[in-house]
Amino acid sequence: MRKTMKFFMLFVSALLLLVIISACGDNTETSGEGSSSSSELLKVAFNQPENHPQFKAMESFGEKFNELTDGKYEIEVSPNALLGEQRETIELVQSGTIAMSIVGGSLMENFNEDFAVFNLPYVFDSKEHQMAVVNDQEIVSDLYSSVEDEGMTVVGAFHGGVRNVYNNERPVNTPEDMEGLKIRVMESDTNVQMLELMGGIGTPMGQGEVYTAIQSGVLEGGENNELIYNDLKHVEVAPYYSYTQHLMVPDYLIINSDLFNGMSDEHKEIFMDELSAAIDMEVKQFDEDVQAAKEAAEAEGAEFNDVDISVFQSEVEPLIQEKLTSDTAQELYEKVREAAE
């Protein structure tokens, strides 16, 4: 009987020990799961490759934001339009399917036409002028928050380069040099009108089709910054690159409104501070990458020429006045021009 009782007590002790070990194991695993779940994954859509200055800046921003919020947020930037084209990713941000996206300025006109002010030809005198305006909250606060009812907020603007004309016929110095040239533009009536006033034929087309279109004679050229010109190999089919400097369209970082408004004041402040630092980094990196792209394009046979832009500025003036359709837009435009003085 004693042996039986002793055996029973040993059995119970062993069983209790197994339960304790198991419980400790469960707690360790739960702790691990708790640690992972406490870090909120914020997906960011981006339509350019990993070597683009905006991608590098957002990667740096993500690392800093994660660190300074003690791992509360983890930012994952998906390049090469892996999450969809820009128009599609706006909808994903609005629905909260993804957290953020970097989108071209012209797309925001669909939600508030006053965004068109920053997309007008020659509205900015330089990239320094542009960046001083598009991230000045005294100028842009109302505009950027105006889309909150649409489920998103614009939290900042990146430099998207200076757009210039390139073609396979001749250098462009005057509107007369543009005569008969079919130039690809972004899919926007404003851009079509702009190219026509500049002397050419604006032809809306997706960026992925441009190389083949120039090669086959459907187009004579396009208009974009030096990075796109070189990276997409347009230099191979359109060697004349002319500094018309007609557009300086910002790229906006949009975020789901509920997500941003749900952040603590401390985390919002960290977010905006680190985003500002990332934007500064992007502008500096953009300059370096443009110089490298230009040198690479020249090695492939590109010919770059400077242009007296004053004649083109005069030609597009009617378009600017036509697009300032509201008192708000007119006031915004005046603030932009005042900032240049």
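A quick note: this is a predicted structure, and the numbers were derived from the prediction, not measured. (Residues numbered from 1 in each chain as written. Predicted model: local features only at pLDDT ≥ 70, side-chain atom pairs only at ≥ 80, totals over all residues. Heavy atoms only, no water.)

With respect to the packing of helix α2 (residues 53-68) against helix α10 (residues 265-299)
- Put simply, α2 and α10 touch, their axes get as near as 8 Å, and they point 150° apart. The orientation of α2 relative to α10 falls into the category roughly antiparallel. Along this stretch, α2 crosses α10, giving a crossing that reads as right-handed. Two secondary-structure elements touch here, α2 through Pro53, Gln54, Lys56, Ala57, Ser60, Phe61, Lys64, Phe65 and Leu68 and α10 through His267, Ile270, Phe271, Glu274, Leu275, Ala278, Met281, Glu282, Gln285, Phe286 and Asp289.
- When its residues are assigned to classes, the contact of α2 with α10 shows 11 nonpolar, 4 polar and 5 charged. (Axes fitted to C-alpha atoms, helices over the stretch in contact; angles between N-to-C directions. Helix = DSSP H or I, 4+ residues; strand = E, 2+ residues; numbered from the N terminus. Parallel < 35°, antiparallel > 145°, perpendicular 65-115°, else oblique. Left-handed = near helix turned anticlockwise from the far one by under 90°. Contact = heavy atoms within 4.5 Å. Nonpolar A, V, L, I, M, F, W, Y, C, P; charged D, E, K, R; others polar.)

As for a negative patch on the surface
- Residues Asp70, Asp265, Glu266, Glu269 and Asp273 make up a contiguous surface patch of negative charge.
- For glutamate 269, the location among the structural elements is in helix α10. (Patch = residues over 30% accessible without salt bridge, like charges linked within 9 Å, V, L, I, M, F, W, Y side chains within 5 Å. Areas by Shrake-Rupley, 256 points an atom, 1.4 Å probe, with all protein chains shown as cover. Salt bridge = Lys/Arg side-chain N within 4 Å of Asp/Glu carboxyl O. Lys, Arg positive; Asp, Glu negative; His and termini not counted. Charge placed at Lys NZ, Arg CZ, Asp CG, Glu CD.)

Some points on the packing of aromatic side chains
- Applying the stated criterion across every chain, the model contains 17 aromatic pairs.
- Both rings, one in phenylalanine 115 and one in tyrosine 144, keep their centres 6.3 Å apart while their planes meet at 5°; by these two values the pair is stacked. With phenylalanine 115 in the loop between β3 (100-104) and α4 (127-134) and tyrosine 144 in helix α5 (residues 137-145), the pair connects residues that are 29 residues apart, well separated along the chain.
- When its relative accessible area of 0% is taken as the criterion, phenylalanine 115 is described as buried.
- Pairing tyrosine 166 with tyrosine 229 gives two aromatic rings, centres 4.7 Å apart and planes at 50°, and the pair type is tilted. Pair noted here: tyrosine 166 is in strand β5 (residues 163-167) and tyrosine 229 is in helix α8 (residues 226-231), with a separation of 63 residues, a long-range link. A single burial state applies to tyrosine 166 and to tyrosine 229, both of which are buried. (Phe/Tyr/Trp six-rings, centres within 6.5 Å; stacked < 30°, edge-to-face > 60°. Buried < 20%, exposed > 50% of the residue type's maximum accessible area, 1.4 Å probe, protein only.)

Things to note about helix α11 (residues 310-323)
- A rise of 1.5 Å per residue sets the reference length of α11, with its 14 residues, at 20 Å; its end C-alpha atoms lie 20 Å apart and thus fit the reference within 8%.
- Valine 316 marks where α11 bends most, by close to 40°; the proline proline 318 follows one to four residues later.
- Along α11, the positions that sit buried rather than exposed are Phe312, Val316, Leu319 and Ile320. (Expected span 1.5 Å × (residues − 1). Bend = angle between axes of the 7 residues up to and from the residue.)

Regarding the side chain of arginine 163
- Considering the arrangement of structural elements, one finds arginine 163 in strand β5.
- Residues contacting arginine 163, with those up to four places away along its chain left out, are Arg184, Met186, Glu223, Asn224, Asn225, Thr244, Gln245, His246 and Leu247.

Describing the sheet that holds β3
- Pairing in this open sheet of 5 strands is mixed, and the strands run β2-β1-β3-β10-β4 from one edge to the other. The open sheet is flanked by β2 (73-78) and β4 (152-158), the only strands paired with a single partner. The sheet shows a mean angle of 25° between the axes of neighbouring strands, direction not considered.
- Alignment of strand β1 (residues 40-45) against β3, held across 2 bridges, turns out to be parallel. From the neighbouring strand, valine 44 faces β3, where its bridge partner is methionine 100.
- This element, α2, spans β1, β2, β3, β4 and β10 (251-256) of the sheet and lies at about 165° to β2.
- Along the sheet, helix α3 (residues 86-95) contacts β1, β3, β4 and β10; its crossing angle with β3, the most-contacted strand, is approximately 145°. (Pairing = 2+ DSSP bridges.)

Quick word on the pairing of β2
- Note: β1 against β2, 6 bridges, orientation parallel. Bridge assignment links leucine 42 to a residue of β2, and that residue is isoleucine 75.
- Since β1 and β2 lie parallel, the crossover through α2 that links them has a hand, and here it is right-handed. (Right-handed = clockwise from strand over helix to strand, strands pointing away.)

Some words on the environment of valine 307
- The topology assignment puts valine 307 in the loop between β11 (303-306) and α11.
- Judged by relative accessible area, which is 12%, valine 307 ranks as buried.
- Spatially, the C-alpha atoms of valine 307 and threonine 174 are 7.9 Å apart, while their sequence positions differ by 133 residues.

Section: the confidence of the model for the protein chain
- Averaged over the protein chain, the pLDDT score is 89; the fraction of residues at 70 or greater is 89%.
- Residue range residues 1-36 is modelled with pLDDT below 50. Its contacts to residues more than four positions away, or to other chains, number 0 contacts. (pLDDT = per-residue confidence, 0-100.)

Let's talk about unusual backbone geometry
- In the Ramachandran plot, alanine 81 falls in the positive-phi region, its phi being about 55° despite a non-glycine side chain.
- Relative to the assigned elements, alanine 81 resides in the loop between β2 and α3.
- Phi is positive for tyrosine 122, close to 60°, though the residue is something other than glycine.
- Note that tyrosine 122 resides in the loop between β3 and α4.

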